[in-house]
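In case you want the letters, here they are:
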Amino acid sequence: IVDAKTLHKGKEWRRGRGEVTLRITDEGRKLLGEQAATLPVIYANGPIVGPAMLEAIPDFKPLATFETEIADNGTPKGLMLDTPAILIGDFGKGRAVAISPHPEQSKDTEAMVLRLIQWAAKRN
């Protein structure tokens, strides 16, 4: 329901677990409120995505990108860097949020998660 596709193949999704740094985009600062330019979050084998270029679905907007990565288990290095970590998009009459890392398990990110839920629910 977002115009995105996974970039990894086979078992490349098994990138590992740990802390990564996200870079918050200008659009991300607008929606998420005052955020530092970068933010540490927990990552645990989340998808690495890029545009799917589907005509039927509007393009997504990245709110954060991966500034650092985890490339354990023989996965290719460099694949995660600068790819969307948190993205939003419209779908029909609704809204969708996709998140690769785990801000709900990270320190000081509760407000960010709440704002994403409110945005998807079209609440202020």
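Residues numbered from 1 in each chain as written. Predicted model: local features only at pLDDT ≥ 70, side-chain atom pairs only at ≥ 80, totals over all residues. Heavy atoms only, no water.

## Remarks on the environment of Ala120
Counted only if it meets this: In DSSP terms, a helix is any run of H or I states spanning at least four residues, a strand is any run of E spanning at least two, and both are numbered starting from the N terminus. Here, two residues are considered to be in contact whenever any of their heavy atoms come within 4.5 Å of each other.
Inspection of the secondary structure assignment puts Ala120 in helix H2 (residues 110-120). Taking the C-alpha atoms as reference points, Ala120 and Ile88, separated by 32 residues in sequence, lie 8.5 Å from one another. Ignoring sequence-local partners within four residues, the contact set of Ala120 consists of Arg95 and Val97.

## Remarks on the sheet that holds strand S5 (residues 61-66)
Basically, it comes down to this: Whether two strands pair comes down to DSSP finding at least two bridges between them. To get an axis, fit a line to the C-alpha atoms, keeping to the stretch in contact for a helix; angles then go from 0 to 180 degrees between the N-to-C directions.
In spatial order, the strands read S3-S2-S5-S6-S7; together these 5 strands make up an open sheet with antiparallel pairing. The strands lining the two open edges of the sheet, one partner per strand, are strand S3 (38-44) and strand S7 (94-99). The average angle at which neighbouring strand axes cross in this sheet is 30°, direction not considered. Sheet analysis places S5 next to strand S6 (residues 84-91), joined by 4 bridges and oriented antiparallel. Bridge pairing links Lys61 to Ile88 in S6. Against the sheet, H2 touches S3, S5, S6 and S7, its axis set at about 150° to S7.

## Looking at the pairing of strand S2 (residues 17-24)
Here 7 bridges tie S2 to S3, and the two strands are oriented antiparallel to one another. Looking at the pairing, Gly18 lines up with Tyr43 of S3. Where S2 meets S5, 3 bridges bridge the pair, whose relative direction is antiparallel. Paired with Ile24 across the strands is Ala64, a residue of S5.

## So, the pattern of salt bridges
Counted only if it meets this: Should a side-chain nitrogen of Lys or Arg be within 4 Å of a carboxyl oxygen of Asp or Glu, the pair is scored as a salt bridge. Three exposure classes are used, based on accessible area relative to the maximum for each residue type with a 1.4 Å probe and protein chains only: buried under 20%, partly exposed in between, and exposed over 50%.
Per the counting criterion, the structure on display carries 3 salt bridges. With a shortest N-O distance of 2.4 Å, Arg23 and Glu67 are connected by a salt bridge. Pair noted here: Arg23 is in strand S2 and Glu67 is in the loop between S5 and S6, with a separation of 44 residues, a long-range link. Using a relative accessible area of 33% as the deciding quantity, one classes Glu67 as partly exposed. Asp26 is the partner of Arg29 in a salt bridge, and the nearest nitrogen-oxygen pair spans 2.8 Å. With Arg29 and Asp26 both in helix H1 (residues 26-32) and 3 residues apart, this pair spans about one turn of that helix. Taking relative accessible area as the criterion, Asp26 reaches 56% and is therefore assigned exposed.

## Topic: the nonpolar core
Let me state the cut-off plainly: Buried Ala, Val, Leu, Ile, Met, Phe, Trp, Tyr and Cys residues form a nonpolar core when they are joined through side-chain atoms within 4.5 Å.
Ranked by size, the top nonpolar core spans 20 residues in total, and within it Val20, Leu22, Leu31, Tyr43, Phe66, Ile86 and Leu116 carry the most contacts. Within the residue set of this core, elements represented by two or more residues are S2, H1, S3, S5, S6 and H2. Excluding residues that lie within four positions of it along the chain, Leu31 makes contacts with Leu63, Ile88, Arg115, Leu116 and Trp119. Core analysis: the second largest hydrophobic core is formed by 5 residues, Val2, Val49, Leu87 and Ala96 among them.

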